[in-house]
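Listed below, chain by chain, are the residues.
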Amino acid sequence: MNFNNLLVEAENNIAVVTVNRPEKLNALNSETINELDKAFSELNEDENVFVIILTGSGEKAFVAGADISELNKLDEKTAKIFSEKGQKVFSKIETIEKPVIAAVNGYALGGGCEIALACNIRLASDNAVFGQPEVNLGIIPGYGGTQRLTRLINSGRSAEYILTGDMIKAEEALKIGLVNKVYLQSELLAKAKEMAQKICTKGQFAVRMAKKAINIVDEVSDREGQNYEASVFALCCITEDFKEGTSAFLEKRKPQFKINN
Ligand code: COA
């Protein structure tokens with residue numbers, strides 16, 4: 001895959017998508033948003049890719065937000081289109097079949113924090129800094145941040161960060177549950193790949209069904225969610241992976257899962 005603002009590499013069933021505009025701290029311009037849309041669609045279709053890691057180029061930034069030089073030109077009509085387009089792409093990242101791990105290697109501000117929030121798992125480097133500083137620009141988060149941040153870290157904390165624009169350092173992000181783990185920057189990508197590799201060794205149908213069941217939590221009642229869980233649990237139980245996984249346990253050996261069921 002060739003892109004102007006992204007690097008996409010895949011090896012051992014793991015794809016790494018790197019936002020690559022380091023001179024602009026990997027800020028998301030429209031072209032980058034369109035490229036992310038295309039890259040994630042293509043990776044979702046690629047049967048050799050099981051897990052996707054999203055990171056930023058360089059040592060300073062993951063993504064420093066939407067590109068402010070583009071924001072500056074928006075009017076009411078184009079702003080709505082801009083917001084909805086970003087929301088659509090970030091929702092794609094959140095809901096595609098394959099798990100997505102954010103390896104947050106520096107500033108994750110505005111749209112950068114929002115795209116990390118759309119990933120299923122967030123790992124951060126010790127120099128990572130999160131934040132929704134949009135109020136400093138006279139706007140609010142427009143790529144799903146008001147919703148996802150609030151659901152993840154609770155409404156009081158989310159209101160504090162969104163209303164003050166205060167930055168959240170890696171250690172604080174860990175404490176409030178915004179990230180799963182913090183690593184030395186030099187180790188971050190290797191640790192993300194290690195986690196991705198672990199997921200790759202599992203039954204992939206089960207991994208994808210688990211992601212689906214987790215994702216619907218915010219959309220349905222607890223009863224509907226549990227009904228959905230029972231349905232996909234049952235679907236898992238008609239796969240070869242299920243037979244292999246349970247038999248391997250009983251036979252005291254490692255399971256050999258199939259790529260696709
Ligand atoms: N959009 C467009 N360009 C951006 C950008 C953004 N969100 N964030 C950084 N850049 C650009 C800067 O304009 C600068 O470009 P230049 O060298 O052509 O002038 C370059 O990236 C380096 O940024 P700079 O501000 O010089 O780095 P810094 O180390 O002094 O500060 C930040 C780093 C992240 C604190 C600062 O860049 C910043 O506040 N960025 C905006 C964050 C933001 O508000 N994001 C939300 C947008 S909705």
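Since the structure is predicted, the reported quantities are computational estimates derived from the model, not experimental observations. (Residues numbered from 1 in each chain as written. Predicted model: local features only at pLDDT ≥ 70, side-chain atom pairs only at ≥ 80, totals over all residues. Heavy atoms only, no water.)

**Details of the overall build of the protein**
- Helix and strand counts for the protein stand at 11 helices and 10 strands.
- By the compact-globule yardstick of 18 Å for 261 residues, the protein fits well, its C-alpha radius of gyration being 19 Å.
- For the protein, the spread of C-alpha atoms along the three principal axes comes to 60 × 40 × 35 Å.
- Counting only residues that meet the buried cut, the protein has 45% of its 261 residues in that class. (Helix = DSSP H or I, 4+ residues; strand = E, 2+ residues; numbered from the N terminus. Rg over C-alpha atoms; globule rule 2.2 N^0.38 Å. Buried < 20%, exposed > 50% of the residue type's maximum accessible area, 1.4 Å probe, protein only.)

**So, the pattern of salt bridges**
- Going through the model one piece at a time under the given rule, you end up with 11 salt bridges.
- Salt-bridge contacts for Arg151 lead to Asp218; the nearest nitrogen and oxygen are separated by 2.8 Å. Linking Arg151 in helix α5 (residues 145-153) with Asp218 in the loop between α9 (204-215) and α10 (222-236), this pair joins segments that are 67 residues apart in sequence.
- Classification of Arg151 as partly exposed rests on a relative accessible area of 44%.
- Asp218 gets classed as partly exposed once you look at its relative accessible area, which sits at 47%.
- Between Glu244 and Arg253 there is a salt bridge, and its shortest N-O distance comes to 2.7 Å.
- Note on Glu244: relative accessible area 17%, which makes it buried.
- Exposure remark for Arg253: the relative accessible area of 35% places this residue in the partly exposed category.
- Several salt bridges share partner residues, and in doing so they unite Asp37, Lys85 and Lys92 into one network. (Salt bridge = Lys/Arg side-chain N within 4 Å of Asp/Glu carboxyl O.)

**Quick notes on the site of the ligand**
- Neighbouring the ligand are 16 residues; Lys24, Lys60, Ala64, Ala66 and Ile68 lie closest to it.
- A distance of 2.6 Å separates an oxygen atom of the ligand from a polar atom in the side chain of Lys24.
- One of the side-chain N or O atoms of Lys60 is found 2.5 Å from an oxygen atom in the ligand.
- Surface burial for the ligand is 61%, taken as the share of its 860 Å² of free accessible area covered by protein chains.
- Elements supplying a minimum of two residues to the shell around the ligand: α2 (68-71) and β6 (107-109).
- Broken down by class, the residue content of the shell around the ligand amounts to 10 nonpolar, one polar and five charged. (Near = heavy atom within 4 Å. Polar contact = N/O pair within 3.5 Å; in protein donor to acceptor, adjacent residues only side chain to side chain. Areas by Shrake-Rupley, 256 points an atom, 1.4 Å probe, with all protein chains shown as cover. Nonpolar A, V, L, I, M, F, W, Y, C, P; charged D, E, K, R; others polar.)

**Overview of the pairing of strand β7 (residues 121-125)**
- The buried count for β7 comes to five of five residues, which makes it a mostly enclosed element.
- Of the two faces of β7, the one lined by Ile121, Leu123 and Ser125 and the one lined by Arg122 and Ala124 are each fully buried.
- Examined bridge by bridge, β7 and strand β10 (residues 181-183) share three bridges and lie parallel to one another. The residue bridging Ser125 from the neighbouring strand is Tyr183, located in β10. (Pairing = 2+ DSSP bridges.)

**A look at the sheet that holds strand β9 (residues 168-169)**
- Taken in spatial order, the four strands line up as β4-β6-β8-β9 in an open sheet, and their pairing is mixed. Of all the strands in the sheet, the pair left with one neighbour each is β4 (61-63) and β9.
- Bridge analysis of β6 against strand β8 (residues 129-131) gives three bridges, and the strand direction is parallel. Along β8, the bridge assignment pairs Ala108 with Phe130.

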